[in-house]
Amino acid sequence: MTDILFDLDNTLYSSRFGLEDNVTVRIIEFTAKLLNVSHEEAAAARLARIKKYGTTMEWLRTEKGFTDGDAYYRYIHPENEAAALKRDPELKAFLQSLDCRLSVLSNSPREHVDRILSHLGLLGVFSEIFDLKRLNYISKPRREAFDFTLAALGAKAEETLFIDDIPRNVEAFIKLGGRGILIDEFNSHPDYKNDKIKSLRELRRFL
Ligand SMILES: [Mg+2]
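In this report, we go over the structure that sits alongside the text. None of the values given here were measured: they were computed from a predicted structure.

1. Regarding the overall build of the protein
Helix and strand content of the protein: eight helices and six strands. From first element to last, N terminus to C terminus, the protein shows the α and β order β-α-α-α-α-α-β-α-β-α-β-α-β-β. Taken over the C-alpha trace, the protein has a radius of gyration of 17 Å; the compact-globule value for 207 residues is 17 Å, and the two agree within 12%. For the C-alpha atoms alone, the extent of the protein along its principal axes is close to 50 × 35 × 35 Å.

2. Some details on the nonpolar core
Ranked by internal contacts, the top residues of the largest apolar core, which has 31 residues, are Phe6, Leu8, Val104, Phe162, Ile163 and Ile181. Of all the secondary structure elements, the ones that give two or more residues to this core are β1 (3–6), β2 (101–105), α6 (110–120), α7 (143–153), β4 (160–164), α8 (167–175) and β5 (179–183). Excluding residues within four positions of it along the chain, isoleucine 181 makes contact with Leu161, Ile163, Val170, Asp195, Lys196, Ile197 and Phe206. Ranked by size, the runner-up nonpolar core spans nine residues in total, among them Ile27, Ala42, Leu60 and Tyr72.

3. So, the sheet that holds strand β3 (residues 128–130)
If you trace the six strands from one edge of the open sheet to the other, you get β3-β2-β1-β4-β5-β6, paired in parallel fashion. Each edge of the open sheet is held by one strand with a lone partner, namely β3 and β6 (196–197). Taken together, the four bridges between β4 and β5 define a ladder with parallel strand orientation. Bridged to phenylalanine 162 within β5 is glycine 180. Sheet contacts for α7: β1, β2, β3 and β4; angle to β3, the most-contacted strand, approximately 160 degrees. Running at roughly 170 degrees to β5, α8 makes contact with β4 and β5 of the sheet.

4. What about the packing of helix α1 (residues 19–35) against helix α4 (residues 69–76)?
Running from N to C, α1 and α4 point in directions that differ by 135 degrees, and their axes come no closer than 9 Å. Compared by their axis directions, α1 and α4 come out oblique. As α1 runs across α4, the sense of the crossing is right-handed. Judged by residue contacts, Val23, Arg26, Ile27 and Phe30 of α1 engage Tyr72, Tyr75 and Ile76 from α4.

Rules behind the numbers
Residues numbered from 1 in each chain as written. Predicted model: local features only at pLDDT ≥ 70, side-chain atom pairs only at ≥ 80, totals over all residues. Helix = DSSP H or I, 4+ residues; strand = E, 2+ residues; numbered from the N terminus. Rg over C-alpha atoms; globule rule 2.2 N^0.38 Å. Core = buried A, V, L, I, M, F, W, Y, C linked by C-beta atoms within 7 Å. Buried ≥ 20, exposed ≤ 12 C-beta atoms within 10 Å, placed from the backbone. Contact = placed C-beta atoms within 7 Å. Pairing = 2+ DSSP bridges. Axes fitted to C-alpha atoms, helices over the stretch in contact; angles between N-to-C directions. Parallel < 35°, antiparallel > 145°, perpendicular 65-115°, else oblique. Left-handed = near helix turned anticlockwise from the far one by under 90°.

What follows is the structure in structure tokens.
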């Protein structure tokens, strides 16, 4: 295995910090204001549409004609969003010891990715960072997002390990012929049938 692609949120840090839950709350707030509906209605509409689109922003762009991605991302990723996140002091050395080319593939914008990586002490660990804007708002689990990433890396799916906390993202990569691993620290997906880990420390056995 020569390439490892990591999702960022709830993959390179634990979901127990609640950072992504807070992002979801702000996404619903933003959507409710934008569509002029209640939080409950916004939450229900998002839940129904997110299955079709990789991200809420993709849904709002495609179906609601909303294009101000900068305003959206500034709202859902405020500057202090990483405050609750605790650094794993040994993670950087562990990742570097894997002796593979490491990259990040995130459905978030680059500003968020950089802020979190900096907070986690992981700057400089990743060769390439594929964020939502670099992918031109085409997000996981869409095939084009993976095709673009693999082509940019000059990598083959079958020689690449991809780790994400969302089953449909992992399954999409497996469908392309890649090796996909679900990270599921709290066994949120007990029925998931493919390869699964609770901690990134288990990755070595897949290399
Ligand atoms: Mg994630």
